[in-house]
Amino acid sequence: MSMTVDDVVSRSGDHGHHDHHDHDQEGMKILGFWIFLVSDCLLFATLFATFLVLRTHTAGGPTGKELFEIPGFTAETFALLTSSFTSGLAVMEMRRGNVKRLIGWLIVTALLGLVFVGLEIDEFVKMVSEGATMQRSAFLSAFFTLVGTHGCHVTLGLFWMTAIMFQLARYGINAVTQRKVFIACLYWHFLDVVWVFLFTVVYLMGVM
Amino acid sequence: MAGGHKHAAQANHHESPKMYIIGYILSLVLTVAAFWLVLAHVMSTTLLIITILVLATLQIFVQLFFFMHVTEGEGPNYHGMALILGAIFIITIVFGSLWIMSFNAQVQ
């Protein structure tokens, strides 16, 4: 099961035996990335479990209901959902072989990611200024660890995507850059899935 | 390259933005539904929590099938196996922790 590398490498032109070997290699790399994503899911599962166990332990400090601002996390959610869609469009343009549009959609995706990170930093700063720091209660420790870990993942994804854009601009679309774009977009969709659960478990259940 | 035609056909199929647009609309509908249910608070809290968790789980499938192309390719579905194993571990970690920590409340 070598997924889209099947499509991906079939577009690279050459159909020799050498190519077939590379093709299998690229497929294995994508499978390896799926396995990484599953292991990353386990990291988030432990953080979610910790949060769920500690969410009522506010130690007399502020609760989620007092802290979470609905417009803020709603905007974050729509920014990330939309960026998952635009990164999908980037992969589609890559398969059409249109490098300019591919880079264009990656830029849109990265900008939406930047909006997301900006809103999250703004939220954290506001919370800390209200005295809701990580040290205040077990609930807040778990909250900042869980949401902050996701935020770090998104930030890393932004740097990664930017690096790939430079590679695309320099080398164009080939078997290697196609695999890189595909993997970066898988990572981005994964971050969206994790956010959907953060939105549901942390924020929606928090303001309930 | 064996099955080159099949690959080409798959590639053509996926060049349409239709799947991405449907996936995007579905993810928006699921998110807005969860959001509205919580704000309107139309059902009991327990039922509400279960419903929004189901909506979030459906989002995983939207991402996997419409955006992440999990069903593509040929041969054994190793991604699928890894994901199912991961899901078993995740459910064990999350619900196992909640279950075991709930005893704490009974002891106190």
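Cut-offs applied
- Residues numbered from 1 in each chain as written.
- Chains lettered and ligands numbered in written order.
- Predicted model: local features only at pLDDT ≥ 70, side-chain atom pairs only at ≥ 80, totals over all residues.
- Heavy atoms only, no water.
- UniProt positions renumbered as here; feature names shortened; annotations may be inferred.
- Helix = DSSP H or I, 4+ residues; strand = E, 2+ residues; numbered from the N terminus.
- Contact = heavy atoms within 4.5 Å.
- Buried < 20%, exposed > 50% of the residue type's maximum accessible area, 1.4 Å probe, protein only.
- Buried area = accessible area lost by both parts, 1.4 Å probe.
- Salt bridge = Lys/Arg side-chain N within 4 Å of Asp/Glu carboxyl O.
- Polar contact = N/O pair within 3.5 Å; in protein donor to acceptor, adjacent residues only side chain to side chain.
- Disulfide = S-S within 2.5 Å.
- Phe/Tyr/Trp six-rings, centres within 6.5 Å; stacked < 30°, edge-to-face > 60°.
- pLDDT = per-residue confidence, 0-100.
- Axes fitted to C-alpha atoms, helices over the stretch in contact; angles between N-to-C directions.
- Parallel < 35°, antiparallel > 145°, perpendicular 65-115°, else oblique.
- Left-handed = near helix turned anticlockwise from the far one by under 90°.
- Nonpolar A, V, L, I, M, F, W, Y, C, P; charged D, E, K, R; others polar.
- Expected span 1.5 Å × (residues − 1).

Naming follows an unreviewed UniProt entry, where chain B appears as Cytochrome o ubiquinol oxidase subunit IV of Collibacillus ludicampi. Among the UniProt annotations of chain B, the heading Sequence similarities (unreviewed entry) holds the following wording: "Belongs to the cytochrome c oxidase bacterial subunit 4 family."

The name given to chain A in an unreviewed UniProt entry is Cytochrome bo(3) ubiquinol oxidase subunit 3, with the source organism recorded as Collibacillus ludicampi. Annotation of chain A in UniProt includes, under Subunit (unreviewed entry), the sentence "Heterooctamer of two A chains, two B chains, two C chains and two D chains." In its Sequence similarities (unreviewed entry) section, the UniProt entry covering chain A states "Belongs to the cytochrome c oxidase subunit 3 family."

Draft legend 1. Seen up close, the overall build of chain A. Counting its secondary structure elements, chain A contains 7 helices and 0 strands. Written out in order from the N terminus, the α and β elements of chain A read α-α-α-α-α-α-α. Here the contacts in chain A between residues at least 6 apart in sequence split such that 81% fall between residues at least 24 apart.

Draft legend 2. Inspection of the environment of V70(B) at higher detail. Residues and elements named next belong to chain B. Mapping V70 onto the fold places it in the loop between α3 (45–67) and α4 (78–107). On the basis of relative accessibility, which here comes to 7%, the residue V70 falls in the buried class. With 24 residues separating them in the primary sequence, V70 and T46 have C-alpha atoms 32 Å apart.

Draft legend 3. Quick look at the interface of chain A and chain B. Across the contact, 53 residues belong to chain A and 55 residues belong to chain B. When chain A packs against chain B, close to 4700 Å² is buried across both sides, 79% of that on carbon and sulfur atoms. Where chain A touches chain B, the interface holds 0 salt bridges. For the pair chain A and chain B, the number of links is 3 residue pairs in polar contact (both at pLDDT 80 or more). Elements with a minimum of two residues in the side of chain A that touches chain B: α1 (5–10), α2 (17–54), α4 (70–96) and α7 (175–207) of chain A.

Draft legend 4. Structural view of the state of the cysteines. This structure, assessed with the given rule, holds 0 disulfides over all chains. C185(A) takes part in no disulfide bond, and the closest cysteine sulfur to it belongs to C41(A), at a distance of 17 Å.

Draft legend 5. Up close: the packing of aromatic side chains. The tally for this structure, following the rule as stated, stands at 23 aromatic pairs over all chains. Seen from their ring centres, F124(A) and F144(A) are 4.9 Å apart, and the 80° between their planes marks the pair as edge-to-face. Placement of F124(A) in helix α5 (residues 99–129) and of F144(A) in helix α6 (residues 138–171) is noted, with a sequence separation of 20 residues between them. An aromatic cluster is built from F51(A), F68(A), F73(A), F116(A), F124(A), F139(A), F143(A), F144(A), W195(A), F199(A), Y203(A) and F35(B), whose rings are joined through pairwise contacts.

Draft legend 6. View of the confidence of the model for chain A. All names here are of chain A. For chain A, per-residue confidence averages 89 on the pLDDT scale, and residues scoring 70 or more make up 89% of the total. Segment residues 1–7: pLDDT under 50, and 40 contacts once partners within four positions in sequence are set aside and those in other chains are kept. Per-residue pLDDT stays below 50 along residues 9–17; that stretch engages in 13 contacts with residues further than four places along the chain or on separate chains.

Draft legend 7. Highlighting the UniProt feature "transmembrane region" (unreviewed entry) in chain B. Residues and elements named next belong to chain B. Under the UniProt annotation, the feature "transmembrane region" (unreviewed entry) is placed at residues 20–40, 47–68 and 80–101. A helix fraction of 100% and a strand fraction of 0% characterise residues 20–40, whose end C-alpha atoms lie 30 Å from each other. Counting secondary structure, residues 47–68 comes out at 95% helix and 0% strand; the distance between its end C-alpha atoms is 30 Å.

Draft legend 8. Main features of the packing of α4(A) against α5(A). All names here are of chain A. Between α4 and α5, the least distance of the axes is 8 Å, while the angle of their chain directions is 165°. By the criterion of interaxial angle, the relationship of α4 to α5 is roughly antiparallel. Viewed along their axes, α4 and α5 form a crossing whose handedness is left-handed. Taken together, the residues of the contact of α4 with α5 break down into 14 nonpolar, 5 polar and 6 charged.

Draft legend 9. Looking closely at α4(A). Between its first and last C-alpha, α4(A) extends 39 Å over 27 residues, near the 39 Å set by a 1.5 Å rise per residue. Backbone geometry just downstream of α4(A) places G97(A) in the positive-phi region, at approximately 80°.

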